[in-house]
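Commentary on secondary and tertiary structure
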Amino acid sequence: MKINQMIREKRKELSLAQEQIANYLGVSTPAVNKWEKGVSHS
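Before going into details, it helps to say that this report is about the structure given with it. These numbers come from a predicted model, not from an experiment. (Residues numbered from 1 in each chain as written. Predicted model: local features only at pLDDT ≥ 70, side-chain atom pairs only at ≥ 80, totals over all residues. Heavy atoms only, no water.)

One pass over the structure, following the stated rule, counts two salt bridges. Between E13 and K10 there is a salt bridge, with its nearest N and O atoms 3.0 Å apart. Residue E13 and its partner K10 are located together in helix α1 (residues 3–13), separated by three residues, close to a single helical turn. The exposure class assigned to E13 is exposed, which follows from its relative accessible area of 57%. The partly exposed category is assigned to K10, whose relative accessible area is 44%. Put simply, E36 and R11 hold a salt bridge, and the shortest N to O gap is 2.5 Å. Taken together, the residues E36 in helix α3 (residues 29–37) and R11 in helix α1 connect sequence positions 25 residues apart. Neither E36 nor R11 differs from the other in exposure class; each is buried. (Salt bridge = Lys/Arg side-chain N within 4 Å of Asp/Glu carboxyl O. Helix = DSSP H or I, 4+ residues; strand = E, 2+ residues; numbered from the N terminus. Buried < 20%, exposed > 50% of the residue type's maximum accessible area, 1.4 Å probe, protein only.)

Structure (structure tokens):
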């Protein structure tokens, strides 16, 4: 399982919105969305 799938599955398991994860981690909601889609810019 890829990391983006793990993030999405765990978030859904905990019934959290992307915005809630973003706030907890101190990042933007679009960042969480990109992580879940497997899009990243190094």
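Nonpolar side chains collect at one region of the surface, where M1, I3 and M6 lie side by side and expose about 360 Å² of accessible area between them. Considering the arrangement of structural elements, one finds I3 in helix α1. (Patch = residues over 30% accessible without salt bridge, like charges linked within 9 Å, V, L, I, M, F, W, Y side chains within 5 Å. Areas by Shrake-Rupley, 256 points an atom, 1.4 Å probe, with all protein chains shown as cover.)

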